[in-house]
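So you can see what is in the structure, the chains are spelled out below.
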Amino acid sequence: MRWQFSFTNPLVYLLVLVQMHLYTGLFITAHDAMHGTVSPVKGLNNFVGYLCTFLYASFWYPQLYSKHHLHHSHVHTADDPDYHDSGFWRWYVQFIRNYLSIWQIVSMAIIFNILKLWVPQQNLIMFWVVPSLLSTLQLFYFGTYQPHKGEHDNRHFARSQKRNHLVAFLSCYFFGYHYEHHDAPGVPWWKLWRKV
């Protein structure tokens, strides 16, 4: 985070993508905690959920937990907090508005300004802010939009990406195998590929 980098260095952009993927993994870990698959010890499982949702974007774990289980209970309906019958950008904006709160923005602004005491602002923006924002697009596109858009002919109203485990891992920690996730929500991300 203290690296003096140049925007002409291609390594910068590779590191942004690596950070983006790691931020996505942080949220996927929180998601698995919502399904109780991080640890069989409920207290530890919930602690990891609280920690990961806070580190990801100052989310409040119980609120995310409730909304995520509404998604599983009412997938692809008006009661599904993750679904919006529109194109990509309108759906994405609605999705973000549904989950983002003023308290999160204030919390992240405070954290940003505290971190600026030790980390150059340029580094904070390039290796914290940009990757975290890009990860919201990654999570939304591969974990919500692609699997749930349009019409479906199955009870989970979800589709899966084509079977390619490397692409599935890199795109969203196997959550492109989304029908499989809805069919077996108790399977953690690292085992989803086995369900395909």
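In the block above lies the structure referred to throughout.
Residues numbered from 1 in each chain as written. Predicted model: local features only at pLDDT ≥ 70, side-chain atom pairs only at ≥ 80, totals over all residues. Heavy atoms only, no water.

**A closer look at the side chain of Glu 180**
And step 1. With respect to the secondary-structure elements, Glu 180 resides in helix H8 (residues 178-183).
And step 2. The side chain of Glu 180 is buried and forms no salt bridge, while Arg 163, the nearest opposite charge, is found at 8.6 Å. (Helix = DSSP H or I, 4+ residues; strand = E, 2+ residues; numbered from the N terminus. Buried < 20%, exposed > 50% of the residue type's maximum accessible area, 1.4 Å probe, protein only. Lys, Arg positive; Asp, Glu negative; His and termini not counted. Salt bridge = Lys/Arg side-chain N within 4 Å of Asp/Glu carboxyl O.)

**Considerations on the layout of surface pockets**
And step 1. Approximately 910 Å³ is the volume attributed to the largest pocket.
And step 2. Looking at the largest pocket, it is lined by 38 residues, and the ones nearest its centre are Phe 27, Tyr 56, Ala 57, Phe 59 and Thr 136.
And step 3. Within the residue set of the lining of the largest pocket, elements represented by two or more residues are helix H1 (10-34), helix H2 (42-57), helix H3 (61-73), helix H4 (88-99), helix H5 (102-115), helix H6 (121-148) and H8.
And step 4. Counting residues per element, the lining of the largest pocket draws most heavily on H6, at 9 residues.
And step 5. Class assignment for the residues of the lining of the largest pocket results in 26 nonpolar, 11 polar and 1 charged. (1 Å grid on protein atoms, 1.4 Å probe; cavity = no way out; pocket = protein on both sides within 12 Å on 5 of 7 lines; lining within 4 Å. Points joined across faces, edges and corners; volume = space filled by probe spheres on them. Nonpolar A, V, L, I, M, F, W, Y, C, P; charged D, E, K, R; others polar.)

**A word on H1**
And step 1. Here H1 spans 37 Å end to end across 25 residues, near enough to the 36 Å set by a 1.5 Å rise per residue.
And step 2. A side-chain oxygen of the first residue of H1 lies 2.9 Å from the backbone nitrogen of Leu 11; this N-cap is Asn 9.
And step 3. Directly beyond the C-terminal end of H1, a positive phi value near 70 degrees is found at Gly 36. (Expected span 1.5 Å × (residues − 1). Polar contact = N/O pair within 3.5 Å; in protein donor to acceptor, adjacent residues only side chain to side chain.)

**Quick word on the packing of aromatic side chains**
And step 1. Taken as a whole and judged by the stated rule, the model has 34 aromatic pairs.
And step 2. Taken together, the aromatic side chains of Tyr 83, Phe 88, Trp 89, Trp 91, Tyr 92, Phe 95, Tyr 99, Phe 140, Tyr 141, Phe 142 and Tyr 145 make up a single cluster linked through ring pairs.
And step 3. A cation sits over an aromatic face here: Lys 67 above Tyr 99, 5.1 Å from the ring centre. (Phe/Tyr/Trp six-rings, centres within 6.5 Å; stacked < 30°, edge-to-face > 60°. Lys NZ or Arg CZ within 6 Å of the ring centre and 35° of its normal.)

**Structural notes on the nonpolar core**
And step 1. Counting residues in each nonpolar core, the largest one holds 33 residues, and the members touching the most others are Ile 28, Tyr 56, Phe 59 and Phe 140.
And step 2. If you list the elements that add at least two residues to this core, you get H1, H2, H3, H4, H6 and helix H7 (165-172).
And step 3. Beyond its immediate chain neighbours, meaning those up to four positions away, Phe 140 contacts Phe 88, Trp 91, Tyr 92, Phe 95 and Tyr 145.
And step 4. Of all hydrophobic cores here, the second largest spans 5 residues; its members include Phe 5, Val 12, Met 126 and Phe 127. (Core = buried A, V, L, I, M, F, W, Y, C linked by side-chain atoms within 4.5 Å. Contact = heavy atoms within 4.5 Å.)

**Quick word on the environment of Val 130**
And step 1. The residue Val 130 is located in helix H6 in this model.
And step 2. On the accessibility criterion, Val 130 (27% relative accessible area) is partly exposed.
And step 3. Along the chain, Val 130 and Leu 17 lie 113 residues apart, while their C-alpha atoms are 9.5 Å from each other.
And step 4. Not counting the four nearest positions on each side in its chain, Val 130 is found in contact with Val 16 and Ile 125.

**A look at a nonpolar patch on the surface**
And step 1. Together, Leu 100, Ile 102, Trp 103, Ile 105, Val 106, Ile 110, Ile 114, Leu 117 and Trp 118 make up an exposed nonpolar region whose accessible area comes to about 980 Å².
And step 2. Checked against the element boundaries, Leu 100 lands in the loop between H4 and H5. (Patch = residues over 30% accessible without salt bridge, like charges linked within 9 Å, V, L, I, M, F, W, Y side chains within 5 Å. Areas by Shrake-Rupley, 256 points an atom, 1.4 Å probe, with all protein chains shown as cover.)

**Topic: H3**
Side chains three or four residues apart in an α-helix point the same way, a direct result of the helix having 3.6 residues per turn.
And step 1. The end-to-end C-alpha distance of H3 is 18 Å, a good match for the 18 Å that 13 residues give at a rise of 1.5 Å each.
And step 2. Taken as a whole, H3 has its buried residues at Tyr 61, Leu 64, Lys 67, His 68, His 71 and His 72. An end-on view of H3 places all buried positions within 145 degrees of arc, on one side of the element.
And step 3. Looking at the buried residues of H3, the elements they touch are H1, H2, H4, H6 and H8. (Arc of directions from axis to C-beta.)

**Focus: the environment of His 71**
And step 1. Note on placement: His 71 falls in helix H3.
And step 2. Note: C-alpha distance between His 71 and Asp 82 (11 residues apart in sequence) is 6.1 Å.
And step 3. Those residues within four positions of His 71 in sequence are excluded, and the remaining contacts are Asp 80, Pro 81, Asp 82, His 148, His 178 and His 182.

**A short note on the pattern of salt bridges**
And step 1. One pass over the full model with this rule turns up 1 salt bridge.
And step 2. Measuring nitrogen to oxygen at the nearest pair gives 2.7 Å for the salt bridge that ties Arg 155 to Asp 183. One end of the pair, Arg 155, is in the loop between H6 and H7; the other, Asp 183, is in helix H8, and 28 residues separate them in sequence.
And step 3. You can call Arg 155 exposed: its relative accessible area is 62%.
And step 4. We classify Asp 183 as partly exposed; its relative accessible area is 36%.

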